[in-house]
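# Breakdown of the fold
Residue strings, one per chain:
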Amino acid sequence: MLLLLTAVFVPYLVLAALSLRMIRQERQLETRRAVEDRQRRLTLAGQQLLSLLQNFKLRQLAQLPPRSDRTTPGPPVDKCIAFVGLVREGRLRLPWDDDPGVRLFRGLVTEARFASQLGQAGAQQRAARYDQAAAIYNRVIEAARHPAQQAYARLLLAQGLEKAGRKPESRRQYERVLELPLEHVDEYGVPLAFYAAPHFLGDDLRRQGILRTIRMAAEREGRLSPAALYQARDLARTLKVSELESRFTEQIRDREQAEALQADFARLVPVRPAREPLWSAYGQPVWLISVADAWVLAVRAGEALRALDSTVRLAGHGEGDSLGESLPGLSVALPATVELPANYRRTLLISALTLTLTLTLLAAYLLWRDVRRDMELAEMRSQFVSSVSHELKTPLTTVRMFTETMRLDEEMDRQTQCEYLDTILSESERLGRLVDNVLDFAKIEQGARIYHRQPVRLEEVVEESARVIGYPLKQSGFTLDLAVERTLPPIEADRDALLQAILNLMTNAMKYSDKSRRIGLELRHEGDDALIAVTDYGIGIAPEEQARIFDRFYRAPASQSQYIPGAGLGLTLVAHIAKAHGGDVAVRSSPGAGSTFTIRLPIGAE
Ligand code: ADP
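Quantities reported herein were computed from a predicted structural model and do not represent experimental measurements.

With that settled, the discussion passes to the packing of aromatic side chains. Counting across every chain of the model gives five aromatic pairs. Plain terms: the ring middles of Phe402 and Tyr420 are 4.8 Å apart, the flat faces sit at 75 degrees to each other, and that makes the pair edge-to-face. Highlighted residues: Phe402 in helix H12 (residues 340-408) and Tyr420 in helix H13 (residues 414-446), separated in sequence by 18 residues. On the basis of an interplanar angle of 75 degrees and a centroid distance of 6.3 Å, the ring pair of Phe550 and Phe597 is categorised as edge-to-face. Of the two residues, Phe550 is situated in the loop between strand S13 (529-536) and helix H16 (557-561) and Phe597 in strand S15 (residues 594-602); the sequence distance between them amounts to 47 residues.

Shown next, in the form of structure tokens:
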């Protein structure tokens, strides 16, 4: 058995250990694969982003005016670009810093004649001489050589008229300014039309015009000055166009970030290593900044990644992964991907291993069951030999005793001789039948035992068994209390089998009687059952043993310790025979007081 366990469990444990190792290796491989995949995706995203940025740079470069005339950098070539700035004397110039409109305006309003006339008009106005002031303004407007000069004078006129309480005239002047294109800006870069706009917000007709104007302003992305954006946002807010308002808010945030960058610029530039291409991350939302050949390009990193349709997203500051040395400071996050094939493979592997291990265990169990059966069979065979001799001993003894008695007693009368010879004859016949029965035990084991039934009078069977056992009983000094009820009808039964069952009980009663020399044999009926009871007053059977004594080869420890011979087969046969006749056998016993075995057979059931 130990060999079997070793033979099965050692390979099993080896297989289990190998499986575990394989699963662990597979998991490690998977982790490594995931890391490599992640790295690959990051590198790819980095390369894609860099090439997009370089593309912006080249296209933007193509837009730049020649170096000699570089006052404005030209409009951004892509929506992702936050601004294009110029570097002059180590300072970053933002697009709206060099608005040509601003420069033009400054030139126009400082023209000597224009400025002096406005000065006069202003003085009249301060002295509350509104008519005179208006007359000067009107003259200036007529003489103005540029629409911006006209508009500026009109604005001042309109303000004066308003103060004078001449609302309709003032309004007419504002109306003219309102029609002015957005290019005409003041020294802060604010379109002059924006100053007129607030006066018409209550006018439904004009509102639409104003809305169109600020919408156009929103489209001129990157060109409006911060001051102009603040005014445009106020207008959008008053007009309750939240979409425009948030666009301006965004642009204002861009301007603020650009101005912060402008302030930090001197600090940023020297840390830039010479290696190209290099895009440093700056601010929040993150911009990628490239400083090249006296101009600066700022690209919105989040939008550029979205434009690439990349799986990579911007991460918060200090977390996430880097996209490489060319993009310092940029933190990105990779969304976790579902590694389906690897998981699938692992599940398959685990299932296969579980199946193999289960099959091994099952095979081991079947093998163990077979071996156990073989061992039981071997034990049974050895028990069988002794049980056969046990079964044959009683009739053989009887035959021998009668024969010996007859030989010794030469003067035996004829009647006794006949009686003895009858007994010897019936005993030898029974011996033959017993041999058959014992051999039938094998058939019982196979479930192929056949009983030959015929009408049997039970009192005859009981009396015959008493007669057969009578001599050995007398020899051992036993008294038999025989009580036979003679009114029972015959039953369909195998006479020899019943006889064998009763004789087995009687033999046991003799064997286990200890010092007692009384045995009871009774036939009676109880309801529809016939009961054959064999009683002794011997060693008895412990309650916990009583259920097991009918098992084949089972012998109670008490009988074994007292060296009472037996094979543990007698009661097995009794139980089988009783059951085959539709009845059963029961025991009532207490240790030291004796036992009663009762065979119950149904009357007329067969
Ligand atoms: P055997 O008597 O050959 O051992 P049996 O099958 O006839 O086998 O009986 C099984 C066991 O039951 C016996 O070994 C014995 O321990 C117990 N037994 C049977 N009959 C009696 C009895 N009349 N009194 C006490 N014990 C008994």
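The subject of this paragraph is the pattern of salt bridges. Within the structure shown, the criterion is met by 24 salt bridges. The salt bridge involving Arg237 is made with Glu245; its shortest N-O contact spans 2.9 Å. The residue Glu404 makes a salt bridge to Arg400 at a minimum N-O spacing of 3.9 Å. Residue Glu404 and its partner Arg400 are both found in helix H12; the two are separated by four residues, about one turn of the helix. The exposure class assigned to Glu404 is partly exposed, which follows from its relative accessible area of 42%.

This brings us to the side chain of Thr572. Residue position: Thr572 is located in helix H17 (residues 570-580). Take Thr572: its relative accessible area is 15%, and that puts it in the buried class. A polar contact is formed between the side chain of Thr572 and the backbone oxygen of Asp551, at a distance of 3.4 Å. For Thr572, the contacting residues outside a window of four places in its chain are Phe441, Phe550, Asp551, Arg552 and Phe553.

So, on to the pairing of strand S14 (residues 584-590). For a regular strand, the rule is simple: side chains alternate between the two faces of the sheet. Residues Val585, Val587 and Ser589 point to one face of S14 and are all buried, whereas Asp584, Ala586, Arg588 and Ser590, pointing to the other face, are not buried. As paired strands, S14 and S15 are joined by seven bridges and run antiparallel to one another. If you follow Ala586 over to S15, its bridge partner there is Thr598. The turn linking S14 back onto S15 is made up of three residues, and Gly592 within it adopts a positive phi angle of 90 degrees.

Here is what the cut-offs are and how they apply
Residues numbered from 1 in each chain as written. Predicted model: local features only at pLDDT ≥ 70, side-chain atom pairs only at ≥ 80, totals over all residues. Heavy atoms only, no water. Phe/Tyr/Trp six-rings, centres within 6.5 Å; stacked < 30°, edge-to-face > 60°. Helix = DSSP H or I, 4+ residues; strand = E, 2+ residues; numbered from the N terminus. Salt bridge = Lys/Arg side-chain N within 4 Å of Asp/Glu carboxyl O. Buried < 20%, exposed > 50% of the residue type's maximum accessible area, 1.4 Å probe, protein only. Polar contact = N/O pair within 3.5 Å; in protein donor to acceptor, adjacent residues only side chain to side chain. Contact = heavy atoms within 4.5 Å. Pairing = 2+ DSSP bridges.

Any link to function would need more than the numbers given here.
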